[in-house]
Amino acid sequence: MPKPYTFPTLFDEVNTVSISNLNRWGYLKPNRYRSGTITWSKNGSVYSSIGIAVSTLTDNPYLELSYTYGDKPVKYKVELTTVPANIGKGEVWYFVCPSTGKNCRILYSVGALFLHRSACKGYMYEKQTYSQKNRGIMRMYEKLFSSDKVYEELYSKHFRRTYKGKPTKRFLKLMQKIRESERAPYTESELMVM
């Protein structure tokens with residue numbers, strides 16, 4: 001009897017809570033308590049939601065999550081911490097994973113809890129599931145079709161090609177991408193499609 005095929009859980013498909021979203025939505029402003037709801041949707045219909053509350057009023061800021069997992073209510077706090085920004089101005093917010101104690105910017109849904117990715121045993125990113133041949137094909141197609149976006153950015157209204165008479169780093173990077181796409185082996189890509 002053959003072994004049943006198992007599919008790994010993909011990080012790309014699980015629900016996440018991220019620091020950047022909380023910051024964008026105004027939850028991480030100093031000396032505040034704010035609560036709300038995070039919802040996840042697919043094709044325009046909501047399939048999951050959780051209640052959140054963020055407190056930055058005390059010396060121990062936290063994110064409180066409340067939701068149901070299966071039929072059981074789940075409610076717990078995730079510690080928040082800040083680290084001085086590397087540019088010497090301001091601070092960067094992090095979650096402290098309740099399981100591993102590691103600082104992270106994204107918490108992934110793992111069973112009944114939201115945790116750091118290292119606590120997610122058997123999880124993979126979608127690209128890690130591709131075969132070596134498929135990864136090569138994907139890289140080749142990215143080079144072929146990324147040139148459309150490159151030209152769009154290059155000829156946008158406010159794009160700067162030079163600064164003080166020298167080409168900008170972004171301009172040089174875009175020109176490198178154009179050269180790579182022009183060197184791509186079109187005949188091989190046409191053969192692979194057939």
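Residues numbered from 1 in each chain as written. Predicted model: local features only at pLDDT ≥ 70, side-chain atom pairs only at ≥ 80, totals over all residues. Heavy atoms only, no water.

### Here we look at the sheet that holds strand β6 (residues 72-84)
Two modes of strand pairing occur in sheets, parallel and antiparallel, and in both the strands are linked by backbone hydrogen bonds.
At step 1: Spatial strand order, β3-β4-β5-β6-β7-β8: 6 strands in an open sheet with antiparallel pairing. Across the chains shown, the open sheet's two edge strands, defined by having one partner strand only, are β3 (33-42) and β8 (103-104).
At step 2: Of the strand pairs in this sheet, strand β5 (residues 62-69) and β6 are connected by 8 bridges, and their pairing is antiparallel. Residue pairing across strands places S66 opposite K75, the latter belonging to β6. (Pairing = 2+ DSSP bridges. Helix = DSSP H or I, 4+ residues; strand = E, 2+ residues; numbered from the N terminus.)

### Focus: the environment of A119
At step 1: In this structure, A119 sits in the loop between β10 (113-115) and β11 (123-124).
At step 2: What makes A119 buried here is its relative accessible area of 18%.
At step 3: Once the C-alpha coordinates of A119 and Y108 are considered, the two residues, 11 residues apart in sequence, prove to be 9.1 Å apart.
At step 4: Once residues within four sequence positions are removed from consideration, A119 is found in contact with S99, T100 and V110. (Buried < 20%, exposed > 50% of the residue type's maximum accessible area, 1.4 Å probe, protein only. Contact = heavy atoms within 4.5 Å.)

### Describing the nonpolar core
At step 1: V17, I50, L63, L65, F95 and F114 are the most contacted members of the largest nonpolar core, which totals 22 residues.
At step 2: When residues of this core are traced back to their parent elements, those giving at least two are α1 (19-24), β3, β4 (45-55), β5, β6 and β7 (91-96).
At step 3: No other element matches β6, which puts 4 residues into this core.
At step 4: Here F114 is in contact with N15, T16, V17, W40, I50, L65, Y67, Y76, P98, L107, Y108 and S109, once residues within four sequence places are set aside.
At step 5: Ranked by size, the runner-up nonpolar core spans 9 residues in total, among them V14, V110, L115 and C120. (Core = buried A, V, L, I, M, F, W, Y, C linked by side-chain atoms within 4.5 Å.)

### What to know about the sheet that holds β10
At step 1: Here we have 3 strands laid out as an open sheet, ordered β2-β9-β10, and antiparallel in their pairing. For this open sheet the edge positions go to β2 (16-18) and β10, each flanked by a neighbour on one side alone. Across the sheet, the mean angle separating the axes of adjacent strands is 30° when strand polarity is ignored.
At step 2: Across 3 bridges, strand β9 (residues 106-110) lies against β10 in antiparallel orientation. In the sheet register, Y108 faces β10, and the bridge partner there is L115. (Axes fitted to C-alpha atoms, helices over the stretch in contact; angles between N-to-C directions.)

### Focus on unusual backbone geometry
At step 1: A positive phi is found at N31, a non-glycine position, where the angle reads about 55°.
At step 2: Relative to the helices and strands, N31 resides in the loop between α1 and β3.
At step 3: At K164, a position not held by glycine, the phi torsion is positive, near 55°.
At step 4: When you line up the elements, K164 lands in the loop between β12 (162-163) and β13 (166-167).

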